[in-house]
Amino acid sequence: MVKIIIVNYNSTKWIDRCLSSIDQAGLIEHTIIVDNASTDNSILIIEQKFPQVELIKLPANLGFGQANNIGIKKAYEQGFDYIFLMNQDVYITPGTIDYLVKIAKKNPDFGILSPMHLNGNGSELDFSFSNYIIPLKCEKLYSDIFLQNLAPLYELPFVNAAAWLLTRRCIEKVGGFSPSFYHYAEDDNYCQRVLFHNLKIGVVPEAVIFHDREKRTENKYFDNTALLYERKLIMMLSDPFNNKQSIREIYINSCKMMIKSLLTFRLKSLKEHYIKIKICHSLNWKMILHNKKQSLKEGKSFL
């Protein structure tokens, strides 16, 4: 049994086609939508055109990971063996999820399985996804595609969470997304934790989704250097494999660099390190380290 979970936020542009693709696959009644306090017409579209879905309306925007955790917990408690996390701007093909489940049953050591990601109109690979399956990260896939000799499954260390099939075993060992992350990087951390708990991550080339995002030109989570640095710090200190750098070391190093910039009259560098120190001060490090410690334990963390 599979439960589909979609986190919705102001998705008017995509949600009709997204849910229509699920309906065509015969899975619309097995879909949970967790709405992050949308302010557009997407909720109206869902309620009027797809009343079969289970809609959870949150009073505030909890971010991608925490909203997904609500859906994951509900699906787990309902007894589903597989959970398919799906972005609101993703469209599936009718056999996508069934084929992923088929491969998952044959490979119980894999906690996450992903389909191949095409762009919105299916004319080429989604660009970001194509970087996850290069030979240095995903051995043989490019070569096998060229030679038309595809295997059912290829292992890799990371794939973005736009379309993840999670197994029940993975939920029981790894849990949900860490609340240290609000939006972006939560899937990086989750993949690290999957590997830490001795499960594997794979991509299934015969399964395909369309990720309709290539026309976006602005993203405050990537355009803002302060947010990028903040996310980098949280990622580093949440990584279960990282036991080298501490918060104290990061802070002291930033202070040293700021003093050096001041003494050498490098004003741009001075400003950059001052911002980094402010970010170090602003983050709840106690909470971040608590969440990391919890994520190292096997079990349904954060659910």
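Preceding this paragraph is the structure being described.
A brief report on the enclosed structure follows. Just so you know, these numbers come straight off a predicted model, no measurement behind them.

Once that is clear, we can look at the overall build of the protein chain. Of regular secondary structure, the protein chain possesses 13 helices and 9 strands. C-alpha extents for the protein chain along the principal axes are approximately 65 × 45 × 40 Å. Looking at the protein chain as a whole, 50% of its 303 residues qualify as buried. By sequence separation, contacts in the protein chain at least 24 residues apart represent 73% of the contacts at least 6 residues apart.

The subject of this paragraph is the pairing of strand β8 (residues 163-167). Within a regular strand, side chains alternate between the sheet's two faces. The buried count for β8 comes to 5 of 5 residues, which makes it a mostly enclosed element. The two faces of β8 match: Ala163, Leu165 and Thr167 on one face and Trp164 and Leu166 on the other face are all buried. Where strand β4 (residues 82-86) meets β8, 5 bridges bridge the pair, whose relative direction is antiparallel. Across the sheet, residue Ile83 finds its bridge partner in β8, namely Leu166. The pairing of strand β6 (residues 110-119) with β8 spans 2 bridges and is classified as antiparallel. Its bridge partner being in β8, Leu113 is matched across the sheet by Leu165.

Relative to the assigned elements, Ile275 resides in helix α12 (residues 267-282). Separated by 129 residues in the primary sequence, Ile275 and Phe146 place their C-alpha atoms 47 Å from one another.

Covalent bonding between the sulfur atoms of two cysteines is what defines a disulfide. Scanning the model with the defined rule gives 0 disulfides in all. Not part of a disulfide, Cys138 finds its nearest cysteine sulfur in Cys191, a span of 13 Å. Among the residues examined, Cys138 registers a relative accessible area of 0% and is labelled buried. The thiol of Cys191 is not disulfide-bonded; the next cysteine sulfur, from Cys170, is found 9.1 Å away.

Moving on to the pattern of salt bridges. Under the defined criterion, the tally for this structure stands at 8 salt bridges. Notably, a salt bridge pairs Glu47 with Lys57, separated by 2.7 Å at the nearest N-O pair. Pair noted here: Glu47 is in helix α2 (residues 42-49) and Lys57 is in strand β3 (residues 54-57), with a separation of 10 residues, a long-range link. A residue is classified by how much of its surface remains accessible, and Glu47, at 38% relative accessible area, is partly exposed. Here Arg168 ties to Glu172 by a salt bridge, and the two come within 3.7 Å at their closest N and O atoms. A residue pair is termed a helical-turn pair when its members lie 3 or 4 positions apart in one helix, as Arg168 and Glu172 do in helix α7 (residues 168-174) at 4 residues. The exposure class assigned to Arg168 is partly exposed, which follows from its relative accessible area of 22%. Through salt bridges with shared partners, a single network forms among Lys3, Glu54 and Lys74.

Okay, the environment of Ser254 next. Structurally, the position occupied by Ser254 is in helix α11 (residues 247-263). For Ser254 and Leu113, which are 141 residues apart along the polypeptide, the C-alpha to C-alpha distance reads 39 Å.

Now for α11. Across its 17 residues, α11 extends 25 Å between first and last C-alpha, which sits within 8% of the 24 Å expected from 1.5 Å per residue. Of the positions making up α11, those classed as buried are Ile247, Ile250, Ser254 and Ser261. The arc that holds every buried residue of α11, seen down its axis, measures 65°, which confines them to one face. Residues of α11 that are exposed and point more than 90 degrees away from the buried face comprise Arg248, Lys256 and Leu263.

Turning our attention to the pairing of β6. Most of β6 sits inside the fold, with 10 of its 10 residues counted as buried. Bridging between β6 and strand β9 (residues 200-211) involves 9 bridges; their strand directions are parallel. Paired with His117 across the two strands is Ile209, which belongs to β9.

Cut-offs applied
- Residues numbered from 1 in each chain as written.
- Predicted model: local features only at pLDDT ≥ 70, side-chain atom pairs only at ≥ 80, totals over all residues.
- Heavy atoms only, no water.
- Helix = DSSP H or I, 4+ residues; strand = E, 2+ residues; numbered from the N terminus.
- Buried < 20%, exposed > 50% of the residue type's maximum accessible area, 1.4 Å probe, protein only.
- Contact = heavy atoms within 4.5 Å.
- Pairing = 2+ DSSP bridges.
- Disulfide = S-S within 2.5 Å.
- Salt bridge = Lys/Arg side-chain N within 4 Å of Asp/Glu carboxyl O.
- Expected span 1.5 Å × (residues − 1).
- Arc of directions from axis to C-beta.

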